[in-house]
Amino acid sequence: MKIGIPKEIKNNENRVGMTPAGVAELVKHGHTVYVQHTAGENSGFSDQHYIDAGAEILPAIEDVYSVADMIVKVKEPIEPEYPLVRPGQVVFTYFHFACDRELTEAMMKSRGICIAYETVQLADGSLPLLIPMSEVAGRMATINGAYYLQKTKGGKGKLICGVPGVRPAKVLVLGGGIVGQAAARVAAGMGADVVIADISLPLLRKLSIEMPANVNTIYSSRHNIERELRDVDIVVGSVLIPGDKAPHLITRDMLKLMEPGTVLVDVAIDQGGCFETSHPTTHSEPTYEVDGIVHYAVANIPGAVPNTSTMALTNATLKYAVALADKGWQKACDDDPALARGLNIVDGKIVFKAIADVFGL
């Protein structure tokens, strides 16, 4: 199979779809890999690294799309890429269709085969291709929240860890999944007073045993969240419903419960966000204020640490990319129910129910 790795063109997206090590594995399986010129540069991988791994370098994004049977990316295609996707061409990437009707309709029109990292799901419910980026995003959520808590950045002017004689900041984490656990562990390690809210009692029991002593758990209800908001300093929104839009756990009217300078970090923004007042931001303009509350809603948080992120992502996606290349998408999905759940759009039709339901299609 001919596999294409284009350069990401979304705002400040510095990751690349595959490392040279991943390319070498595909070449070992007899496939031809085309990498766009400088595609890996911002992740620390030069064209020469890819050439040494057996790839061929092509000058432009159009060249990569035109020759490849399968495109391996990080982020969803954006408008300039829409016409480049061909009928029957496999696009293997993060799509997050449920919060982007324009993208959904464009990919339906392309009649491509859209396999979304975020909905590949194992029998136990885990999301193996979302986990590595969730681990990065969760850690970064706390780090960025602490940064924007500085007065010079619009925050309250609090040090997350406090100092002797001064209490640390309070961090509320909404959702106890991979992102939430990563955010809570970093916050706890930095010395914050941490609260995790979730609706799963078995998960809350597990977290209460496994988390550091400065992490407490509460059942996620509007009443309980409102009570915590009155003295919170950072809120990390990390709720995920696979393939569907995130619920709004903090509504506009709840902002008045928080002190000015409180920081909201919406890691769920790729799926529409779990704060009603969230809208996607970029690394170049990461924050904005609503009613005195700082909102950080960068849609590709791991893109700020692309070397780490690209290696972690390739570690997870490579076996699926190899299967798709070795067998073709139909046989690979027939053989692996987890990968089959990654199918979102096939030949112009939505084949993932949650996405169809969101748009009434």
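Numbers given to residues run from 1 along each chain, matching the order in which its sequence is written. Since the coordinates come from a predicted model, pLDDT governs what is reported: local features require at least 70, and pairs of side-chain atoms require 80 or more to be given and counted, while whole-chain, interface and lining totals use all residues. As a rule here, side-chain values cover all heavy atoms of the structure and leave hydrogens and water aside.

Caption draft 1: Here's a closer look at the side chain of Glu-13. Comment: elements are numbered from the N terminus, with helices defined as DSSP H or I runs of at least four residues and strands as E runs of at least two. Position of Glu-13 relative to the elements: it lies in the loop between strand S1 (2–5) and helix H1 (20–28). Assessed through its relative accessible area of 5%, Glu-13 is described here as buried. If we skip the residues at most four places from it in the chain, Glu-13 touches Glu-8, Val-74, Lys-75, Asn-300 and Gly-303. Relative accessibility decides the category of a residue: with a 1.4 Å probe and only protein chains considered, values under 20% of the type maximum give buried, values over 50% give exposed, and everything between is partly exposed. Throughout, a residue-residue contact means that at least one pair of heavy atoms, one from each residue, lies within 4.5 Å.

Caption draft 2: Spatial organisation of the sheet that holds S1. DSSP bridges decide pairing: two strands pair if at least two such bridges lie between them. The strand order S3-S2-S1-S4-S5-S6-S14-S15 describes an open sheet built from 8 strands, whose pairing is mixed. A single partner strand is all that each edge strand has here, and the edge strands are strand S3 (56–58) and strand S15 (349–350). Relative to strand S14 (residues 343–346), strand S6 (residues 113–116) runs antiparallel, the two sharing 3 bridges. Note on S14: the bridge partner recorded for Ile-113 is Val-346. Running at roughly 55° to S14, helix H4 (residues 101–110) makes contact with S6, S14 and S15 of the sheet. Packed on one face of the sheet, helix H9 (residues 306–327) meets S1, strand S4 (70–72), strand S5 (90–93) and S6 and runs near 170° to S5. With axes taken as lines fitted to C-alpha atoms, and helix axes fitted only over the stretch in contact, angles between N-to-C directions fall between 0 and 180 degrees.

Caption draft 3: Inspection of the layout of surface pockets at higher detail. In this analysis, the protein atoms alone were mapped onto a 1 Å grid. Cavities are point sets where a 1.4 Å probe fits without being able to get out; pockets are open sets with protein on both sides within 12 Å along at least five of seven lines; lining residues have an atom within 4 Å of a point. Grid points are joined across faces, edges and corners, and a volume is the space filled by probe spheres set on the points. Quantified by volume, the largest pocket comes out at close to 860 Å³. Taken together, 40 residues make up the lining of the largest pocket; nearest its centre are Val-179, Ser-238, Val-239, Leu-240 and Ile-241. Listing elements by their share of the lining of the largest pocket, those giving two or more residues are helix H5 (131–148), helix H6 (178–189) and strand S8 (193–198). Among the elements that make up the lining of the largest pocket, the one with the highest residue count is H5 (4 residues). When residue character is reported, Ala, Val, Leu, Ile, Met, Phe, Trp, Tyr, Cys and Pro are called nonpolar, Asp, Glu, Lys and Arg charged, and the others, Gly included, polar. When its residues are assigned to classes, the lining of the largest pocket shows 24 nonpolar, 12 polar and 4 charged. Computed from the structure, the second largest pocket encloses a volume of approximately 310 Å³. Taken together, 20 residues form the lining of the second largest pocket, with Lys-10, Glu-76, Asp-100, Pro-280 and Ala-299 sitting closest to its centre. Counted by class, the lining of the second largest pocket contains 9 nonpolar, 5 polar and 6 charged residues.

Caption draft 4: Layout of H4. Of the residues making up H4, those classed as buried are Leu-103, Thr-104, Ala-106, Met-107 and Ser-110. With its buried residues spanning 165° around the axis, H4 presents them on a single face. Looking at the packing, one finds that the buried side of H4 touches S6, S14, S15 and helix H12 (353–359). Here a polar contact means two N or O atoms within 3.5 Å. Within protein one must be a hydrogen donor candidate and the other an acceptor candidate, and residues neighboring in sequence count only if both atoms are side-chain atoms. You can read the cap of H4 off the contacts: a side-chain oxygen lies 3.3 Å from the backbone nitrogen of Glu-102, and it is on Asp-100. One or two steps after H4, the chain reaches Arg-111, where phi turns positive at roughly 60°. Comment: arc refers to directions from the helix axis out to C-beta atoms.

Caption draft 5: Broad picture of the packing of aromatic side chains. Any two of the Phe, Tyr and Trp rings considered here, Trp counted by its six-membered ring, make a pair once their centres fall within 6.5 Å; the pair's planes then place it as stacked at under 30 degrees, edge-to-face at over 60, or tilted in between. A full pass over the atoms with the stated rule returns 6 aromatic pairs. On the numbers, 6.5 Å between centres and 75° between planes, the contact of Phe-45 with Tyr-50 is edge-to-face. Relative to Tyr-117, the ring of Tyr-94 has its centre 4.8 Å away and its plane inclined at 85°; by these criteria the two rings are edge-to-face. One end of the pair, Tyr-94, is in the loop between S5 and H4; the other, Tyr-117, is in the loop between S6 and H5, with 23 residues separating them in the sequence. Across the pair, Tyr-117 and Tyr-94 agree in class, each one buried. Aromatic ring contacts, followed pair by pair, group Phe-92, Tyr-94 and Tyr-117 into a single cluster.

Caption draft 6: View of the nonpolar core. Side-chain atoms within 4.5 Å are what join buried Ala, Val, Leu, Ile, Met, Phe, Trp, Tyr and Cys residues into a set we call a nonpolar core. Formed by 75 residues in total, the largest nonpolar core has its most connected members in Phe-92, Ile-115 and Leu-339. With 9 residues, the single largest contributor to this core is H9. With sequence-adjacent residues up to four places away left out, Leu-339 is seen in contact with Phe-92, Ile-115, Val-120, Tyr-320, Leu-324, Ala-332 and Cys-333. If you look at the next biggest cluster of nonpolar residues, it comprises 25 residues, including Ile-61, Tyr-82, Leu-103 and Met-107.

Caption draft 7: Seen up close, the pairing of strand S9 (residues 215–219). As paired strands, S8 and S9 are joined by 5 bridges and run parallel to one another. Bridge pairing in S9 places Asp-198 opposite Tyr-219. The crossover handedness rule: strands pointing away from the viewer, path from first strand over the helix to second strand clockwise, crossover right-handed. This β-α-β element, S8 to helix H7 (residues 201–210) to S9, shows right-handed connectivity.

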